[in-house]
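# Coordinate inspection notes
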Amino acid sequence: MITIRPPGDKSISHRAVLLSAVADGPSHIEGLCDGDDVRSSLSVIEKLGAQIEVTPEGHGLRASVRPRNQAAAPQEVLECGNSGTTARLAAGLLVGLGVGAVLDGDASLRARPMRRVVYPLQAMGAKIDYLDERNRLPVAIRPRATGSLRSLKHRPRVASAQVKSAILLAGVLDGVPVEVHEPVRSRDHTERLLAGLGVPVECAEGEAGSVAVAFDPGVWSGSIRPLDMTIPGDPSSAAFMIAAALLMRRPIRIEGVSDNPTRTGFLSVLEEMGATVERGDSESRCGEPVSAWTVRPPDRLRAFEIGGTAIPGVIDEIPILAILAARGVGRSVIRDAAELRVKESDRIDRLSRNLAALGVTVSERDDGLEVEGTTARLTGAISAAGDHRIAMAFGVLGETPAATLELDDPECARVSYPDFREHLRRVTEPIGHD
Ligand code: S3P
């Protein structure tokens, strides 16, 4: 059976890198994702005064990090590249430390909303200015010479792990209580990692899937233990390989993957499509469950419907789910996913234009898509708009039977999955050439 070990989880890699810069001693991290996004976080902590030594290790990175020298003030603009997680979490980190800096990003990141983190951080007392357009990067965070932040109880309208994490980082680093009440639980890596490093972060489930996450410094020694961890594999990257195997009608085994329940909604959708999913026993790595999955294809993939509270758990997998929908039997519906419009591209627009260009019947909704499955040959030119997940989703389709696609920017996969091409080749090559 084809076996794939996905790259280190991007979300966990960012958090491990950023927290290592403020831990109480040198950290050691293995299996970091070697994508451009995590490199952006590494470069941010280096400019903040952390000393890092990064070496290639297998298909990822090993990093030794000495925490930032507190006397060091960043001299330069902190470039976050394409990485929304770097920009938003670094905003919380800077505010918590009271360190001033300018955060900026590439054209895609400059087009994405920043108000969702800037507003709650300002409510805590941070001084943050938009340097160009309102609500967008670049932003200047002013240093805080005296005084502490105000505590905050925040109720965002949309569940966002980046917003929640920025607030938690600000609260923890300045030692003020913060609470974030989310309508639906977003990925919880920051909470798990902080708790694993000795920081008291509590989660309480509320009604209808809502959750409250709280940091209370009253019961804390004030210490963030150094990290010594191996990053689990990225379920969002694994999703592309699983989808490729399903389209090739092959079973696949994914090893060393994060089995965190806030990230595995994709597997439930695959089951709804008729696939069989076997999950091995999970072991815990720094509070994160890690497991192996075996996924077997059905005779034909069925259509699916997703929406409501299921969306945060599959948000990054929707591009590849839309591709599976195009090869399913019947009409698949994705709703309540308006957040897709503010990702690395407007993913609803990208998916519907590109699928339509291939001859797939697709209708765009404000908050999602409806896709009619087809067995017809799909041929045409695809524009990924520099969005790694759009490029990889159509990259998968292009390597499977009855599709001939011309992709404008396949290289942008390196943002999250540098070995994408090589892994995809292993999943789709003729059997017997392994
Ligand atoms: C991420 C959170 C999600 C996700 C993104 C990574 C994170 O974004 O889509 O790819 O690492 O915190 P939101 O926080 O905007 O939902």
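Each remark here, short or long, concerns the structure printed above.
It should be emphasised that the depicted structure is a prediction, and the values quoted were computed from it without experimental measurement. (Residues numbered from 1 in each chain as written. Predicted model: local features only at pLDDT ≥ 70, side-chain atom pairs only at ≥ 80, totals over all residues. Heavy atoms only, no water.)

### Topic: the site of the ligand
Near the ligand, the surroundings consist of Ser-11, Arg-15, Thr-85, Arg-116, Ser-160, Ala-161, Gln-162, Arg-187, Ile-315, Asp-316 and Lys-343. The side chain of Ser-11 places a nitrogen or oxygen atom 2.7 Å from an oxygen atom of the ligand. Here an oxygen atom of the ligand and a backbone polar atom of Gln-162 are 2.9 Å apart. Burial of the ligand by the protein amounts to 94% of the accessible area it has alone, namely 380 Å². For the ligand, the cavity whose grid points lie within 2 Å of the majority of its atoms is the largest pocket. (Near = heavy atom within 4 Å. Polar contact = N/O pair within 3.5 Å; in protein donor to acceptor, adjacent residues only side chain to side chain. Areas by Shrake-Rupley, 256 points an atom, 1.4 Å probe, with all protein chains shown as cover. 1 Å grid on protein atoms, 1.4 Å probe; cavity = no way out; pocket = protein on both sides within 12 Å on 5 of 7 lines; lining within 4 Å. Sits in = over half its atoms within 2 Å of the grid points.)

### A word on the packing of aromatic side chains
In total, this model carries three aromatic pairs according to the counting rule given. Arranged with centres 5.8 Å apart and planes meeting at 70°, the rings of Tyr-417 and Phe-420 form a pair that is edge-to-face. For the pair shown, Tyr-417 and Phe-420 are each scored as buried. Put simply, the rings of Phe-240, Tyr-417 and Phe-420 touch in pairs and so form one group of aromatic residues. Here Arg-115 stacks its cationic end above the ring of Tyr-119, 4.7 Å away from the centre of that ring. (Phe/Tyr/Trp six-rings, centres within 6.5 Å; stacked < 30°, edge-to-face > 60°. Buried < 20%, exposed > 50% of the residue type's maximum accessible area, 1.4 Å probe, protein only. Lys NZ or Arg CZ within 6 Å of the ring centre and 35° of its normal.)

### Re the nonpolar core
Ranked by internal contacts, the top residues of the largest apolar core, which has 70 residues, are Leu-103 and Ile-224. Take this core: its biggest share by element is eight residues, from helix α6 (residues 161-174). For Leu-103, the residues in contact, after removing those within four places along its chain, are Leu-78, Cys-80, Ala-87, Ala-90, Ala-91, Leu-94, Leu-137, Pro-138, Val-139 and Ile-141. (Core = buried A, V, L, I, M, F, W, Y, C linked by side-chain atoms within 4.5 Å. Helix = DSSP H or I, 4+ residues; strand = E, 2+ residues; numbered from the N terminus. Contact = heavy atoms within 4.5 Å.)

### Observations regarding the layout of surface pockets
To locate leftover empty space, one rolls a probe as large as a water molecule over the atoms. The computed volume of the largest pocket comes to approximately 700 Å³. Lining of the largest pocket is provided by 41 residues; of these, Ala-159, Ser-160, Ile-315, Glu-339 and Lys-343 occupy positions nearest its centre. Elements represented by at least two residues in the lining of the largest pocket include exactly α1 (10-20), α3 (84-97), α6 and α12 (388-398). Grouping the amino acids of the lining of the largest pocket by side-chain chemistry returns twelve nonpolar, eleven polar and 18 charged. (Points joined across faces, edges and corners; volume = space filled by probe spheres on them. Nonpolar A, V, L, I, M, F, W, Y, C, P; charged D, E, K, R; others polar.)

### Some thoughts on the packing of helix α10 (residues 318-326) against helix α11 (residues 347-357)
What describes two packed helices is the angle between their axes and the distance between those same axes. The geometry of α10 relative to α11 is characterised by a closest axis approach of 11 Å and an angle of 25° between their N-to-C directions. The angle between α10 and α11 places the two elements in the roughly parallel class. Helix-helix and strand crossings are classified by hand; for α10 and α11 the assignment is right-handed. Between α10, through Ile-318, Pro-319, Ala-322, Ile-323 and Ala-326, and α11, the contact on the second element is made entirely by Arg-347, Leu-351 and Leu-355. Split into classes, the residues belonging to the contact of α10 with α11 amount to seven nonpolar, no polar and one charged. (Axes fitted to C-alpha atoms, helices over the stretch in contact; angles between N-to-C directions. Parallel < 35°, antiparallel > 145°, perpendicular 65-115°, else oblique. Left-handed = near helix turned anticlockwise from the far one by under 90°.)

### Some remarks on the sheet that holds strand β13 (residues 228-230)
What the four strands build is an open sheet, ordered β3-β4-β2-β13; its pairing is mixed. Edge positions in the open sheet fall to β3 (51-57) and β13, since each of these has one partner strand only. Here the average twist between neighbouring strands, direction ignored, is 10°. Both β3 and strand β4 (residues 60-66) contribute to a ladder of seven bridges, which runs antiparallel. Within β4, the residue paired with Glu-57 across the bridge is Gly-60. (Pairing = 2+ DSSP bridges.)

### Details of helix α7 (residues 189-196)
Turn by turn, an α-helix covers 3.6 residues, leaving residues three or four places apart pointing in a common direction. All of the buried residues along α7 are His-189, Thr-190, Glu-191, Leu-193 and Leu-194. Considering only its buried residues, α7 is in contact with α1, α6, β11 (201-205), β12 (211-215), β13 and β17 (288-296). Taken from the residues just after α7, Gly-198 is the one with a positive phi, measuring 95°.

### With respect to the sheet that holds strand β8 (residues 139-141)
The mixed open sheet is built from four strands, whose spatial order is β5-β6-β8-β7. Every other strand in the sheet has two partners, leaving β5 (78-79) and β7 (128-130) as the edge strands with one partner each. Together, β7 and β8 form the strand contacts of helix α5 (residues 115-123), whose direction differs from that of β7 by roughly 145°.

### Observations concerning the environment of Leu-246
Looking at where Leu-246 falls in the secondary structure, it is placed in helix α8 (residues 235-247). Accessibility expressed as a relative area gives 4% for Leu-246, which makes it buried. As for Leu-246 and Leu-48, which are separated by 198 residues in sequence, their C-alpha atoms are 44 Å apart. Excluding its chain neighbours within four sequence positions, the residues that come into contact with Leu-246 are Leu-270, Ala-275, Val-295, Arg-296, Pro-297, Pro-298, Leu-301 and Leu-324.

### Some points on helix α9 (residues 265-272)
For α9, the set of buried residues is Phe-266, Leu-267, Val-269 and Leu-270. Seen along its axis, α9 keeps its buried residues to an arc of 160°; they face one direction. Looking at the packing, one finds that the buried side of α9 touches α8, β15 (276-279), β17, β18 (305-306) and α10. Phi for Gly-274, located one or two positions after α9, is positive at around 105°. (Arc of directions from axis to C-beta.)

### Here we look at unusual backbone geometry
What you tend to see is this: most non-glycine residues have negative phi, and most peptide bonds are trans. The residue after Leu-137, namely Pro-138, is reached through a cis peptide bond having omega 0°. Its location among the elements puts Pro-138 in the loop between β7 and β8. Even without being glycine, Asn-135 reaches a positive phi, approximately 75°. Along the chain, the position of Asn-135 falls in the loop between β7 and β8. Here Ala-402, not a glycine, exhibits a phi torsion of approximately 60°, which is positive. When you line up the elements, Ala-402 lands in the loop between α12 and β23 (403-407).

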